Amino acid sequence: MAGVNPTSVPRCAAVPFIKMHGNGNDFMLVDGVSNALPRSLTDPETVRRLASRRTGIGFDQLMICRGSDTETAAFVMDIFNTDGSRASMCGNGARCFATFVRDHAGLTEARTFKVCIPAAPSPSGHARAPRVVELDVRDAGVVSVDMGIPDVMLEPKGIVVPRQLLASVGEGIQVVGVSIGNPHCVVLLPQGTDVDEIDVASIGREIGTSVDWSADGCNVEFVVDSGRQKSGPWLLKLRVWERGCGETLSCGSGSCAAVVAYSVLHPGSISFDEASDVQMPGGTLSVRIARSGTVQLSGPTETAFVGHVSLSSSAL
């Protein structure tokens, strides 16, 4: 039997990773500071394969930590959606990233530090400005992220409420566009609506892929106001369709967008510096709008497992 030609066997690199989640919004995190990573890791086909929940690791987004060459941020956080496209922001991912670089990769001992998130390129190929966020690692796995100041559009262009949604909930739907590093279309449903009955997959996709004000689509939040809880914070119930991923169990930036949209449409309901709870299928996050206008997101982070994946060893 003829021997195997070693040159014909693809060389593989074992890439270490950690699987984490924030209320079920899950991520594959990779340390690109301490490890030489193969270029194939960020190929769209590879990302899609790794993201598969049946044949891969399974995640909502891949996050790679890289060193920063500027004084404005300690690290760079590259984000890739399950379809292989780049993402420009992820609130829950940023919180998990903070725990990852500090407690797992051991890249810093600081509890508060800044991260630069490169923006996804525009459909025309033009570069977009990166976003810098500040992370604060607290006790018991809780991490807070300052998401910055959002942009709000009270009458976003190109939004047509689908007939399917009108038929299921009736009149009284309000729509607000919010950009907080990534674009969101917040759909506020009438009080009493059961958000669990909304067909998020089809209606979210219909709205998120047809907006005029964001050329590469947007995330879509379906929100129901549950009012102020007894001796507690305001509560919003939320489900989210994320571009590049589909429906997720939790969405940090979507939670922020929902609170911002609600506070704009209902001034005085939620006070500055007051924490509001946002309840999603995966759990509850806390959102606070500071007097400065910045939005702060807080919630738990958890580690699921640690592993290695073998990929083609071409240099990154």
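Source: prediction; values computed, not measured. Every chain is numbered on its own, with residues counted from 1 as its sequence reads. Whole-chain, interface and lining totals are the exception, using all residues; otherwise, since this is a predicted model, local features are given only for residues with pLDDT of at least 70 and side-chain atom pairs are given and counted only at 80 or more. To get the side-chain values, take all heavy atoms of the structure and skip hydrogens and water.

Novice: Explain empty space enclosed by the protein to me, using residue names and the numbers behind them.
Specialist: As defined here, a cavity is a set of points on a 1 Å grid over the protein atoms alone where a 1.4 Å probe fits but cannot get out. A pocket is an open set with protein on both sides within 12 Å along at least five of seven lines, and residues line them when an atom is within 4 Å of a point. Grid points are joined across faces, edges and corners, and a volume is the space filled by probe spheres set on the points. On inspection of all chains with the given rule, the structure shows 1 cavity of 30 Å³ or more. If you trace the largest cavity, you find it lined by Gln 61, Asn 81, Arg 86, Ala 87, Ser 88, Met 89, Asn 182, Asn 219, Glu 242 and Arg 243. Ten residue types, Ala, Val, Leu, Ile, Met, Phe, Trp, Tyr, Cys and Pro, are classed as nonpolar, four, Asp, Glu, Lys and Arg, as charged, and the remainder, Gly among them, as polar. Here the lining of the largest cavity is composed, by residue class, of 2 nonpolar, 5 polar and 3 charged.

Novice: Could you give an account of the pairing of strand 11 (residues 183–189), naming the residues involved and the relevant values?
Specialist: Between buried and exposed lies partly exposed: a residue is buried under 20% and exposed over 50% of the maximum accessible area for its type, with that area taken using a 1.4 Å probe on protein chains only. In this text, helices come from DSSP runs of H or I with a minimum length of four residues, and strands from runs of E with a minimum of two, each type numbered from the N-terminal end. In terms of burial, strand 11 is a largely internal element, 7 of the 7 residues being buried. The alternating pattern of strand 11 places Pro 183, Cys 185, Val 187 and Leu 189 and His 184, Val 186 and Leu 188 on opposite faces, both of which are buried. Two elements, strand 10 (residues 174–179) and strand 11, share 6 bridges in a ladder whose sense is antiparallel. Its bridge partner being in strand 11, Gln 174 is matched across the sheet by Leu 188. Hairpin connection between strand 10 and strand 11: a loop of 3 residues separates the two successive antiparallel strands, and Gly 181 in this loop has a positive phi of roughly 95 degrees. Considered for its hand, the β-α-β crossover made up of strand 11, helix 4 (residues 200–208) and strand 12 (residues 219–228) is right-handed. The criterion for strand pairing is that DSSP finds at least two bridges linking the strands in question. Assignment of crossover handedness uses the view with strands pointing away from the viewer, where a clockwise path from the first strand over the helix to the second indicates a right-handed crossover.

Novice: I'd like a rundown of the environment of Cys 96, residues and numbers included.
Specialist: Examined against the element boundaries, Cys 96 turns out to sit in helix 2 (residues 91–104). The exposure class assigned to Cys 96 is buried, which follows from its relative accessible area of 0%. Along the backbone, Cys 96 and Arg 239 are 143 residues apart, and their C-alpha atoms lie at a distance of 20 Å. Throughout, a residue-residue contact means that at least one pair of heavy atoms, one from each residue, lies within 4.5 Å. Once residues within four sequence positions are removed from consideration, Cys 96 is found in contact with Met 20, His 21, Gly 22, Phe 27, Leu 29 and Thr 301.

Novice: Explain the environment of Ala 87 residue by residue, including any values.
Specialist: Positionally, Ala 87 belongs in strand 5 (residues 86–87). The spacing of Ala 87 and Leu 107 is 20 residues in sequence and 23 Å in space, taken between C-alpha atoms. Excluding residues that lie within four positions of it along the chain, Ala 87 makes contacts with Gln 61, Ile 79, Asn 81, Pro 118 and Ala 120.

Novice: Can you lay out the layout of surface pockets for me, pointing to particular residues and giving the numbers?
Specialist: As a volume, the largest pocket reaches approximately 360 Å³. Around the largest pocket, the lining is made up of 18 residues, and of these Arg 128, Ser 179, Gly 181, Asn 182 and Pro 183 lie nearest the centre. For the lining of the largest pocket, the per-class residue count stands at 8 nonpolar, 5 polar and 5 charged. In this model, the second largest pocket occupies a volume close to 150 Å³.

Novice: Would you mind going over the packing of aromatic side chains in detail, with residue names and values included?
Specialist: Within 6.5 Å between ring centres, the rings of Phe, Tyr and Trp (the latter by its six-membered ring) count as paired, and their orientation is classed by plane angle as stacked under 30 degrees, edge-to-face over 60, tilted in between. For the coordinates displayed, the defined rule picks out 3 aromatic pairs. Measuring from ring centre to ring centre gives 5.9 Å for Phe 75 and Phe 113, while their planes differ by 80 degrees; the resulting arrangement is edge-to-face. Here Phe 113 lies in strand 6 (residues 112–117) and Phe 75 lies in strand 4 (residues 75–81), a separation of 38 residues in the sequence. The same class applies to Phe 75 and to Phe 113, which are both buried. Here Trp 234 and Tyr 262 contribute two aromatic rings whose centre-to-centre distance is 5.9 Å and whose plane-to-plane angle is 45 degrees, an arrangement assigned as tilted. Of the two residues, Trp 234 is situated in strand 13 (residues 234–242) and Tyr 262 in helix 5 (residues 252–265); the sequence distance between them amounts to 28 residues. With relative accessibility at 13%, the residue Trp 234 sits in the buried group.

In short, shape yes, function no, at least from these values alone.
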